[in-house]
2 protein chains.
Amino acid sequence: MPGTSLDFSARLRAAGLRPTRQRVALARLLFAGGHRHVTAEALHAEVKASRMPVSLATVYNSLNQFRDAGLLCEVVVAPGRSYFDTNIGHHHHFFIEPDGELHDFPSDKVTIAGLPAPPKGTRLARVDVIVRVRR
Amino acid sequence: MPGTSLDFSARLRAAGLRPTRQRVALARLLFAGGHRHVTAEALHAEVKASRMPVSLATVYNSLNQFRDAGLLCEVVVAPGRSYFDTNIGHHHHFFIEPDGELHDFPSDKVTIAGLPAPPKGTRLARVDVIVRVRR
DNA sequence: CAAGGAGTTTAGAATTATTCTAAACACTGC
DNA sequence: GCAGTGTTTAGAATAATTCTAAACTCCTTG
Ligand SMILES: [Mn+2]
Ligand SMILES: [Mn+2]
Ligand SMILES: [Zn+2]
Ligand SMILES: [Zn+2]
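Criteria and thresholds
Residues numbered from 1 in each chain as written. Chains lettered and ligands numbered in written order. Predicted model: local features only at pLDDT ≥ 70, side-chain atom pairs only at ≥ 80, totals over all residues. Heavy atoms only, no water. Near = heavy atom within 4 Å. Polar contact = N/O pair within 3.5 Å; in protein donor to acceptor, adjacent residues only side chain to side chain. Helix = DSSP H or I, 4+ residues; strand = E, 2+ residues; numbered from the N terminus. Nonpolar A, V, L, I, M, F, W, Y, C, P; charged D, E, K, R; others polar. Contact = heavy atoms within 4.5 Å. Buried area = accessible area lost by both parts, 1.4 Å probe. Salt bridge = Lys/Arg side-chain N within 4 Å of Asp/Glu carboxyl O. Pairing = 2+ DSSP bridges. Domains from an automatic or database assignment. Phe/Tyr/Trp six-rings, centres within 6.5 Å; stacked < 30°, edge-to-face > 60°. Buried < 20%, exposed > 50% of the residue type's maximum accessible area, 1.4 Å probe, protein only. Lys NZ or Arg CZ within 6 Å of the ring centre and 35° of its normal.

### Some thoughts on the protein's contact with DNA strand C
Moving on, step 1. Around DNA strand C lies a shell of 20 residues, among which A:Tyr60, B:Thr20, B:Gln22, B:Arg23 and B:Thr58 are the nearest.
Moving on, step 2. Near-protein atoms of DNA strand C (within 4 Å) split between backbone and bases, with sugar and phosphate holding 84%.
Moving on, step 3. Taking A:Arg13, its side chain carries an N or O atom lying 3.2 Å from a phosphate oxygen of DNA strand C.
Moving on, step 4. With respect to DNA strand C, the side chain of A:Asn64 contributes an N or O atom lying 3.1 Å from a phosphate oxygen.
Moving on, step 5. At the level of elements, α4 (56-68) of chain A together with α2 (21-31) and α4 (56-68) of chain B are the ones that each hand at least two residues to the surface near DNA strand C.
Moving on, step 6. At four residues, α4(A) tops the list of elements feeding residues into the surface near DNA strand C.
Moving on, step 7. Here the surface near DNA strand C is composed, by residue class, of seven nonpolar, eight polar and five charged.

Spelled out as structure tokens, the structure:
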């Protein structure tokens, strides 16, 4: 029986976050099913429809905390449009331009060769590839 | 003698834009020197310091028009942080995380192999690679 | 080289995404 | 249970950007 509150409590605690009712409710929405790409507003709409509504500020706080704790990552595709991504493995994205849909694709078959060395005094943190497509 | 107003007028006209005083002033700042990565606010500050100040709304309008006309492209690196880029050739970016600096690197030595086919009903528009580095 | 109309600029208001504030609230360890 | 600290919340604030509609200017036409 996956998806009990206890699972999410433990997971949050393991990440150094108190398992409050709000965070557990959000974690369930985010992590119970498969991977998701979700905006703060969309997640707020979802949780508002549940029996345990959560304020928008808490949705933002929680998403930022989850990201900082490594439970999520954030993908910025356009000005004012950022998605929180429950897939934290190495992968890249298709961005479908008119609708704003994001789709994952695995990075293990993608090879990026010939990248120049990072500028002096800097260390590589991450390589983001966004493949923009149109209908 | 590169950089006369006439050059920029012609260039704007060729792009289908009326060469107004404001657009010419902005085009000079953007295109007279080498390639630039500039935010709307930064360009507004620059043009305010000139003998021909331009309103912030016009800076935004012009940057969007220049981008739509293919004179610029826009690079989004973080929520609420987008740069207008006078380099419209194929290239990619280093993003230096704490400072927010953007640096070009040419794409001709970079090979991206193994990209999956675009989702059904879509056509590839552009591939953005952002290499995020930290100090 | 006049109009005159379409396109452009502008100040300021509006919108959107996000963060801040500070008071109320709730986990947690004792 | 209680205290204490961390969390939540409504609402205000901030930041980036767009909208509005009135004033202005480029450019074509006569
Ligand atoms: Mn954020
Ligand atoms: Mn824009
Ligand atoms: Zn993803
Ligand atoms: Zn560039």
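### Section: the interface of chain A and chain B
Moving on, step 1. Across the contact, 34 residues belong to chain A and 34 residues belong to chain B.
Moving on, step 2. Taken together, the two surfaces of chain A and chain B that pack against each other cover about 2,800 Å², and 64% of this comes from carbon and sulfur.
Moving on, step 3. Across the contact surface, chain A and chain B share two salt bridges.
Moving on, step 4. The partner of A:Asp128 in a salt bridge is B:Arg132, and the shortest N-O contact between them spans 2.7 Å.
Moving on, step 5. On the surface where chain A and chain B come into contact, there are twelve residue pairs in polar contact (both at pLDDT 80 or more).
Moving on, step 6. Of all the elements in the fold, those that place two or more residues in the side of chain A that touches chain B are β2 (73-78), β4 (91-96), β6 (111-113) and β7 (123-134) of chain A.
Moving on, step 7. At twelve residues, the largest contribution of residues to the side of chain A that touches chain B is made by β7(A).
Moving on, step 8. Its residues assigned to classes, the side of chain A that touches chain B comprises 21 nonpolar, four polar and nine charged.
Moving on, step 9. The pairing of β6(A) with strand β6 (residues 111-113) of chain B spans three bridges and is classified as antiparallel. Following the sheet pairing, A:Ala113 is matched in β6(B) by B:Thr111.

### So, the domain arrangement of chain A
Quoted interface sizes are often the accessible area lost when the parts come together.
Residue and element names in this part refer to chain A.
Moving on, step 1. In terms of domain boundaries, chain A breaks down into domain 1 (5-84) and domain 2 (90-134).
Moving on, step 2. Centre-to-centre separation of domain 1 and domain 2, based on C-alpha positions: 23 Å.
Moving on, step 3. Taken together, the contact pairs eight residues of domain 1 with ten residues of domain 2.
Moving on, step 4. Of the roughly 780 Å² buried where domain 1 meets domain 2, counting both sides, 56% is carbon and sulfur surface.
Moving on, step 5. When the area that domain 1 buries against domain 2 is broken down by residue, the three leading residues are His-37, Val-75 and Val-77, summing to 56%.
Moving on, step 6. Summed over the shared surface of domain 1 and domain 2, the result is zero salt bridges.
Moving on, step 7. Summed over the shared surface of domain 1 and domain 2, the result is five residue pairs in polar contact (both at pLDDT 80 or more).
Moving on, step 8. Going through the elements one at a time, β2 and β3 (81-85) are the ones with two or more residues in the side of domain 1 that touches domain 2.
Moving on, step 9. Sort the elements by how many residues they give to the side of domain 1 that touches domain 2 and β2 lands first, with five residues.

### So, the packing of aromatic side chains
Moving on, step 1. Tallied over the entire structure, the rule returns four aromatic pairs over all chains.
Moving on, step 2. With 6.2 Å between their ring centres and 35 degrees between their planes, B:Phe31 and B:Phe66 make a pair best called tilted. You can see B:Phe31 sitting in helix α2 and its partner B:Phe66 sitting in helix α4, a full 35 residues away along the chain.
Moving on, step 3. The buried category is assigned to B:Phe31, whose relative accessible area is 12%.
Moving on, step 4. Considering the side-chain rings of B:Phe94 and B:Phe105, the 5.0 Å spacing of their centres and the 50 degrees angle between planes classify their relative orientation as tilted. Residue B:Phe94 is found in strand β4 (residues 91-96), and its partner B:Phe105 is found in strand β5 (residues 101-106); the two are separated by eleven residues along the sequence.
Moving on, step 5. Looking at A:Arg11, its charged tip hangs above the ring of A:Phe31, at a distance of 4.6 Å from the centre.

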